[in-house]
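Fold and geometry: a report
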Amino acid sequence: MKAVPRLLLIGVLGLAGCTSTGTATPAAPSAGAPAGQAAVAGFGGTDLAWIEINIAMDEQLLPLLDLVPKRSRTPATLALATQVRAFTDAELSILRQLHARAGLPAENPHEGMPMPGMVTPEQIVEAASLAGPAFDQTATELIKGHLEQSENLARSEDKSGVEPQTRDLALQILRTRQLALSTMPSTKP
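In short, a report on the structure. (Residues numbered from 1 in each chain as written. Predicted model: local features only at pLDDT ≥ 70, side-chain atom pairs only at ≥ 80, totals over all residues. Heavy atoms only, no water.)

**Here's the deal with the overall build of the protein**
Note the cut-off: Each helix corresponds to a stretch of at least 4 residues labelled H or I by DSSP, and each strand to a stretch of at least 2 residues labelled E; elements are numbered beginning at the N terminus. Residue exposure (1.4 Å probe, protein chains only): buried if accessible area is under 20% of the type maximum, exposed if over 50%, otherwise partly exposed. Contacts are residue-level and defined by heavy atoms, with any inter-residue pair within 4.5 Å sufficient. Per-residue and other accessible areas follow the Shrake-Rupley method at a 1.4 Å probe size, with only the shown protein chains counted as cover for residues.
Helix and strand counts for the protein stand at seven helices and zero strands. When the elements of the protein are put in sequence order from the N terminus, they spell out α-α-α-α-α-α-α. Across the 189 residues in the protein, those meeting the buried criterion constitute 47%. Across the protein, every contact between residues at least 6 apart in sequence was considered, and the portion connecting residues at least 24 apart equals 78%. By element, 58% of the accessible surface of the protein is carried by carbon and sulfur atoms, the whole surface being about 8800 Å².

**Let's talk about the pattern of salt bridges**
As a working rule, side chains carrying opposite charge can pair if their charged atoms are close by. For the record, the criterion: The salt bridge definition used is simple: a Lys or Arg side-chain nitrogen within 4 Å of an Asp or Glu carboxyl oxygen.
Scanning the entire structure with this criterion turns up eight salt bridges. In this structure, R96 and E59 form a salt bridge, with 2.9 Å as the shortest nitrogen-oxygen distance. One end of the pair, R96, is in helix α4 (residues 75-102); the other, E59, is in helix α3 (residues 45-71), and 37 residues separate them in sequence. Between R101 and E163 there is a salt bridge, and its shortest N-O distance comes to 2.5 Å. Taken together, the residues span a long stretch of sequence, with R101 in helix α4 and E163 in the loop between α6 (132-160) and α7 (164-182) at a distance of 62 residues. Of the residues examined, R101 reaches a relative accessible area of 42% and is grouped as partly exposed.

**Things to note about the nonpolar core**
Going by this rule: Among buried residues, the Ala, Val, Leu, Ile, Met, Phe, Trp, Tyr and Cys ones that are joined through side-chain atoms within 4.5 Å form a nonpolar core.
Counting 42 residues, the largest nonpolar core has W50, I51, L64, V84 and I143 as its most contacted members. Contributing elements (two or more residues each) for this core: α3, α4, α5 (121-128), α6 and α7. Considering each element in turn, this core owes the most residues, 13 residues, to α3. Setting aside chain neighbours within four positions, we find L64 in contact with V119, I124, A127, A139, L142 and I143.

**Section: α3**
The condition that has to hold: Expected helix span is given by 1.5 Å per residue-to-residue step, counting one fewer step than there are residues. Two axes are fitted around each residue, one to the seven residues ending there and one to the seven starting there, and the angle between them is reported as the bend at that residue.
The first and last C-alpha atoms of α3 sit 40 Å apart over 27 residues, in line with the 39 Å expected at 1.5 Å per residue. Largest kink in α3: about 30 degrees, centred on L62, with the proline P63 one to four residues after it. Burial analysis of α3 places 20 of its 27 residues in the buried class, the great majority of the element.

**What about the environment of T138?**
The condition that has to hold: Whenever two N or O atoms come within 3.5 Å, that pair is a polar contact, provided that in protein one can donate a hydrogen and the other can accept it, and provided that, for residues adjacent in sequence, both atoms are side-chain atoms.
You can see T138 is positioned in helix α6. Sequence separation between T138 and I124 is 14 residues; the distance between their C-alpha atoms is 9.8 Å. With near-sequence residues (within four places) excluded, T138 lies in contact with A127 and L130. A distance of 3.1 Å separates a polar side-chain atom of T138 from the backbone oxygen of A134.

As structure tokens, then:
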């Protein structure tokens, strides 16, 4: 974590709503860019923080999506997981390219930081112990929380980001989240 410039860390924490309890709501993102790094790459502070938080959130969602075909037999839950997996894989590819282009450090500054919408290892263990309707409800609620938070973060990037490809991806994410949330199965038992 020491490789992350202090200003970037402040922007990331503000954008992600990181807390020790995971109950905070996202704060307004910092639009400032770390001196040197962002100026050379054409990325602002919001862009950099948004790239890192989305990689972390998407990577931590994947184990849950991997559980769905094993634990659920409900067509709606299976379809949701398939849809979310497809756009998450595509977005992660672009996010990793942006990450490399921006020259961001390899360390994940969000590791171990509970954040709204972040699927935790503990939640994966809990979901893996469930099957049938209980699994479907848990998985759908976790996916919904992830989609809603990534939609909020994409709005922040669209509003405050400066790097064109990063902002384009945020707009794409807004569209995919709106569609997925509008067709999501009920989380009621």
